[in-house]
Amino acid sequence: MSHAIETIDLKKNYGSHAAIRGLSITVEPGTVFGLIGPNGAGKTTTLRMLLDVIRPSSGVARVLGETPQAGGPALRRRIGFVPGELRLEGRIRGRALLRHYAEISGQVAPGAVDDLADRLGVDLNREVRKLSKGNKQKLGLIQAFMHRPELLVLDEPTSGLDPLVQREFLTMVREARANGQTILLSSHVLSEIQQTADQVAVLSDGLIVAEGDVAALRLGRIRRVRASFTGIAAAALRQELDHLPTLRDIDIDVTGTEPVRLTATIDGDIDPLVKLLARHSVLDLAVEEPDLEESVLQLYGSSANGRNGEVRHG
Ligand SMILES: Nc1ncnc2c1ncn2[C@@H]1O[C@H](COP(=O)(O)OP(=O)(O)OP(=O)(O)O)[C@@H](O)[C@H]1O
């Protein structure tokens, strides 16, 4: 088997709407591949085609060497899947639900389910319908990971999870890769992809607008900064900041009272700003990633545009 996943010019139309407009990707065995894109870009549609939940309108998909249509249940057992919209049987305890999944997915090592439940922090003795959204999502993760499948296909897997559990999940992804498993991870959270993925494809309006390793895509270079200062007048600060070529959308609160508040966008190297800030009395500082849609539009604006000149929203 050469590639874990390969798609060639894959297309999917919903009626007259072209949701995927020619997708060609390859995912190598033992790697983490991140599929990112704004709402409605086509991530879920892509993953569903790979699992044969829906059929492509045209093009080819091969998953673990087989087409999803021909692979059937035997191929499905080699894959752990977390769907974007998880629907679980409710009138059953978590443990029984997972036992039922194990009958379908095949052998689960003794203790594997309890180990995963401990790590993610979910009570398997509660009825599924009584669990919170995040705790249901944990059951979704357990059923995908528990049989150590060759391939994990995870659609927005951390949705509803609190930050500590998200961190544990990222550790699980890294362990799976170390274990030789392949992971296809869809997300609209850039940091999640940055922390785990070897390769990334940016999907926008049904097309890949950028592909490569995380660093090469430069998505992380756009950040929002918020800071407040004492001991400097707004006008003086403005003058200093105007000299920084990496800073734009500069907004300084000029009410004349302290503290002076700044918001701006950094596009590129953060170091010159940090050096400048260090010369003043900084009361507060936050550096955040903008939402993915903004990053994609700013960096790949022209090619990210849809046929109507807009990026579609889901
Ligand atoms: N069953 C359907 N019928 C018609 N259109 C659909 C259907 N499912 C998805 N679409 C459309 O296809 C496009 C891609 O949707 P998809 O759910 O794959 O995007 P996504 O990238 O997963 O978005 P999100 O991040 O919001 O989950 C959107 O324009 C969506 O409205």
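Calculation notes
Residues numbered from 1 in each chain as written. Predicted model: local features only at pLDDT ≥ 70, side-chain atom pairs only at ≥ 80, totals over all residues. Helix = DSSP H or I, 4+ residues; strand = E, 2+ residues; numbered from the N terminus. Buried ≥ 20, exposed ≤ 12 C-beta atoms within 10 Å, placed from the backbone. Pairing = 2+ DSSP bridges. Axes fitted to C-alpha atoms, helices over the stretch in contact; angles between N-to-C directions. Contact = placed C-beta atoms within 7 Å. Core = buried A, V, L, I, M, F, W, Y, C linked by C-beta atoms within 7 Å. Domains from an automatic or database assignment.

Draft legend 1. Representation of the overall build of the chain. Counting its regular elements, the chain contains 11 helices and 13 strands. Viewed in the frame of its principal axes, the chain has a C-alpha envelope of about 70 × 45 × 35 Å. Sorting the 314 residues of the chain into buried and exposed places 37% on the buried side.

Draft legend 2. Spatial organisation of the sheet that holds strand 5 (residues 79-82). A sheet is described by the order of its strands in space; here six strands give the open sequence 5-6-7-3-8-9, paired in mixed fashion. In this open sheet, the two edge strands, each paired with only one partner strand, are strand 5 and strand 9 (207-212). Across this sheet, the average inter-strand angle for adjacent strands is 15 degrees, counted without regard to direction. In the sheet, strand 6 (residues 151-155) pairs with strand 7 (residues 182-187) via five bridges, with the strands oriented parallel. From the neighbouring strand, Val-153 faces strand 7, where its bridge partner is Leu-184. Contacting strand 3 (32-36), strand 6, strand 7 and strand 8 (199-204), helix 1 (residues 43-50) crosses the sheet at an angle of about 150 degrees to strand 6.

Draft legend 3. The arrangement of unusual backbone geometry in detail. Non-glycine residue Asp-9 carries a positive phi angle of around 50 degrees. Structurally, Asp-9 is set in strand 1 (residues 5-14). Backbone geometry places Asp-52, a non-glycine residue, at a positive phi of 60 degrees. Residue placement: Asp-52 occurs in the loop between helix 1 and strand 4 (58-63).

Draft legend 4. The arrangement of the sheet that holds strand 11 (residues 247-252) in detail. The sheet built from four strands is open, its strands ordered 11-12-10-13 with antiparallel pairing. Strands at the two margins of the open sheet, each flanked by one partner only, are strand 11 and strand 13 (281-288). On average, each strand axis in the sheet is tilted by 15 degrees relative to the strand beside it, whichever way the strands run. Together, strand 10 (222-230), strand 11 and strand 12 (260-267) form the strand contacts of helix 9 (residues 234-241), whose direction differs from that of strand 11 by roughly 180 degrees.

Draft legend 5. Here's a closer look at the nonpolar core. Of all hydrophobic cores here, the largest spans 60 residues; its most connected members are Ile-142, Val-153, Ile-183, Leu-184 and Leu-185. Listed in part, the 10 residues of the second largest apolar core include Ala-227, Leu-237, Ile-266 and Leu-273.

Draft legend 6. Broad picture of the domain arrangement of the chain. According to the domain assignment, the chain contains domain 1 (5-210) and domain 2 (220-292). Each of domain 1 and domain 2 was reduced to a C-alpha centroid, and the two centroids are 39 Å apart.

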